[in-house]
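Results of the structural survey
These are the residues of each chain, in order.
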Amino acid sequence: MHIQSPKGTRDMLPKDSFLWQWIEQTMREEAALAGYLEIRTPVFEYTELFERGVGDTTDIVQKEMYTFLDKGERSITLKPEGTAGAVRALIENKLYAEPLPVKMYYLNNPIFRYENPQHGRLREHHQFGMECFGVKGPSADAEVIMTVLRILSQLGLTHLSVKINSIGCPVCRPSYHEALRAHLKEHFEGLCPQCKERYDRNPLRVLDCKEKSCQAIAKEAPNILDYLCEECDSHFDGLQQLLHVREVPITIDPQIVRGLDYYTKTVFEIIMQSPRGEMALCGGGRYDGLVKEIGGPDMPAVGFGIGTERIILELQNQGIVPPTQAVTSVFIACLGEEGRLPAYQLCMDLRDAGIRADYDHMNRSLKAQFRYADKLGAPFMVIAGGDELQRGMFKLKDMQSGEEKEIPMQEAVNRISLIVNQK
Ligand code: HAM
């Protein structure tokens, strides 16, 4: 029987590993520059965490979670996003008692959502995310936005638009909900069935519905920014100033509301183009109520998540390839049986010296070993055997220039290391 990978999942193949590692490396470096430390949380959590954290009116909790009972009859869910787990860990490990702010990032966190797989939408994807806890003012919002923009620019990505909005707080949002519901009520028949359901429980989500009829209604809806309380308004102004002084080209888009319930004040998305129109490359925002909601202290927070698979799509769209490094710097071929042990010894010695070296495992002919070394892209080849070996020598070949030289076996490691490192 031919078993395939589950629908909506992808293998990361060895040939793509440079790409993934280059992206990871860039993320790690940028996170470190901004003083964020890595956190790793379990792939699964108790379901209640997401019901309370992400919100039981969201699409994620209602339809997309991989939830099951474990053998102890506990309801378990595979992480549908990274923030709730990070908050749970912050509370459980009392990280909130450390000097503030507490700044953490997660790298290629596997995230599971039972969605309809399509271009850029998977059932298992991987997120890099940053979360900053304990800062009330907009400086932390600016820091996380600036950091993700630095990551994207270090990867060479351009022409992405940054959309920001504020969705208020528990003080001002109720009056906006009221105004929004009044507007939606007038156009209720034009709403899609899902938005009709959202009307009562989560009217904000109508604003980012992808259905054309809902979008037309949303366009005419009252603007949330007109309903912000003084604190939310000045927070939003402050953030815009911090982005303007760094000349970040932002678009204020009152339609950005995000698909998770925990957001307050700032929300933002970085948008890329896809065959089906605009798609979010990154999404984030402030979630000042979540730590308390999950049982911790009253602690403001802000962060974002960015999907690695979508970054890869956008790199491909923009024709960007990672800097490559030869998998093997030196391939040691053996000529005849007597060359086998010296080749193996030299290979191990070179590896001890930090040189990427490989040798023949397949009993290939010398010609076939050359072909294989060529396929590996090895810039140097050593031949162990024949007349040279009897004289205590290896033959070193520079595969680019074709130049060959003999090297005494005792000096081989030092001389080859020197030559490889100079290249
Ligand atoms: P999110 O917008 O649901 O936010 O996801 C963040 C990013 O993950 C998206 O912008 C996208 O790149 C990627 N992504 C989401 N769903 C899929 C999918 N089905 N297939 C491929 N990629 C996908 C969150 O998850 C929040 N926890 C972000 C956050 C952190 N907010 C504050 N802190």
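1. Quick notes on the packing of aromatic side chains
- Inspection of the entire model under this criterion finds 11 aromatic pairs.
- Ring plane angle 85° and centroid distance 5.4 Å describe the contact between F188 and Y199, whose orientation is recorded as edge-to-face. Of this pair, F188 sits in the loop between helix 6 (173-186) and helix 7 (193-201) while Y199 sits in helix 7, and the two are 11 residues apart along the sequence.
- In this structure Y199 comes out as buried when scored by relative accessible area, which is 14%.
- Taken together, the aromatic side chains of F133, Y262, Y263 and Y287 make up a single cluster linked through ring pairs.
- One Lys or Arg, R123, reaches over the ring of Y114 and ends 3.9 Å from the middle of that ring.
- Taking NZ or CZ as reference, R364 lies 4.3 Å from the ring centre of Y372, over its face.

2. Re the domain arrangement of the protein
- Per the domain assignment, the segments making up the protein are domain 1 (14-158 + 250-317) and domain 2 (330-422).
- Just the C-alpha atoms count here: the centres of domain 1 and domain 2 sit 47 Å apart.

3. Describing helix 4 (residues 83-92)
- The element helix 4 is extensively covered by neighbouring structure, given that 9 of its 10 residues are classed as buried.
- Listing the buried residues of helix 4 in full gives T83, A84, G85, A86, V87, R88, A89, L90 and I91.
- Buried residues in helix 4 make contact with strand 2 (44-46), helix 2 (47-53), strand 5 (102-112), strand 6 (124-133) and helix 10 (290-293).
- Just past helix 4, the residue K94 takes up positive phi, approximately 50°.

4. Side note on the nonpolar core
- Core analysis: the largest hydrophobic core is formed by 98 residues, its most contacted members being F128, F133 and I306.
- Broken down by element, this core gets its largest block of residues, 7 residues, from helix 5 (residues 139-154).
- Setting aside anything within four residues of it in sequence, one finds F133 in contact with V87, L90, L100, P101, V102, M104, Y287, V291, M299, P300 and A301.
- Of all hydrophobic cores here, the second largest spans 21 residues; its members include L346, I355, I407 and V420.

5. Examining the sheet that holds strand 7 (residues 161-166)
- Pairing within the open sheet is mixed, and its 8 strands lie in the order 1-5-6-11-10-9-7-8. At either end of the open sheet lies a strand with only one pairing partner, and these are strand 1 (37-38) and strand 8 (250-252).
- Across 3 bridges, the pairing between strand 7 and strand 8 is parallel. Within strand 8, the residue paired with V162 across the bridge is I250.

6. Considerations on the site of the ligand
- By nearness alone, 27 residues border the ligand, and E81, E115, E131, Y263 and L281 come closest of all.
- Separating an oxygen atom of the ligand from a side-chain N or O atom of Q127 is a distance of 3.1 Å.
- With respect to the ligand, the side chain of Y263 contributes an N or O atom lying 2.6 Å from a nitrogen atom.
- Considered on its own, the ligand offers 660 Å² of accessible surface; in the complex 96% of this is hidden by protein.
- Only strand 6, strand 10 (277-286) and strand 11 (301-307) provide two or more residues apiece to the shell around the ligand.
- With 6 residues, the top contributor of residues to the shell around the ligand is strand 10.
- Looking at the shell around the ligand residue by residue, the class counts come to 10 nonpolar, 10 polar and 7 charged.

7. What to know about the packing of helix 1 (residues 17-33) against helix 5
- Interhelical geometry of helix 1 versus helix 5 gives an angle of 140° and a closest axis separation of 9 Å. In the crossing of helix 1 with helix 5, the sense of the turn from one axis to the other is right-handed. Of helix 5, the residues touching helix 1 (which contributes W22, T26, M27, E30 and L33) are T147, R150, I151 and Q154.
- A breakdown of the residues in the contact of helix 1 with helix 5 according to their chemical character gives 4 nonpolar, 3 polar and 2 charged.

8. Quick word on the packing of helix 1 against helix 11 (residues 308-317)
- The contact between helix 1 and helix 11 brings their axes to 11 Å, and the two run at 110°. Judged on the interaxial angle alone, helix 11 and helix 1 are roughly perpendicular. Here helix 1 and helix 11 pass one another in a crossing that is right-handed. Residue-level contacts link L19, W20, W22, I23 and M27 of helix 1 to T308, E309, I311, I312 and L315 of helix 11.

Parameters at a glance
Residues numbered from 1 in each chain as written. Predicted model: local features only at pLDDT ≥ 70, side-chain atom pairs only at ≥ 80, totals over all residues. Heavy atoms only, no water. Phe/Tyr/Trp six-rings, centres within 6.5 Å; stacked < 30°, edge-to-face > 60°. Helix = DSSP H or I, 4+ residues; strand = E, 2+ residues; numbered from the N terminus. Buried < 20%, exposed > 50% of the residue type's maximum accessible area, 1.4 Å probe, protein only. Lys NZ or Arg CZ within 6 Å of the ring centre and 35° of its normal. Domains from an automatic or database assignment. Contact = heavy atoms within 4.5 Å. Core = buried A, V, L, I, M, F, W, Y, C linked by side-chain atoms within 4.5 Å. Pairing = 2+ DSSP bridges. Near = heavy atom within 4 Å. Polar contact = N/O pair within 3.5 Å; in protein donor to acceptor, adjacent residues only side chain to side chain. Areas by Shrake-Rupley, 256 points an atom, 1.4 Å probe, with all protein chains shown as cover. Nonpolar A, V, L, I, M, F, W, Y, C, P; charged D, E, K, R; others polar. Axes fitted to C-alpha atoms, helices over the stretch in contact; angles between N-to-C directions. Left-handed = near helix turned anticlockwise from the far one by under 90°. Parallel < 35°, antiparallel > 145°, perpendicular 65-115°, else oblique.

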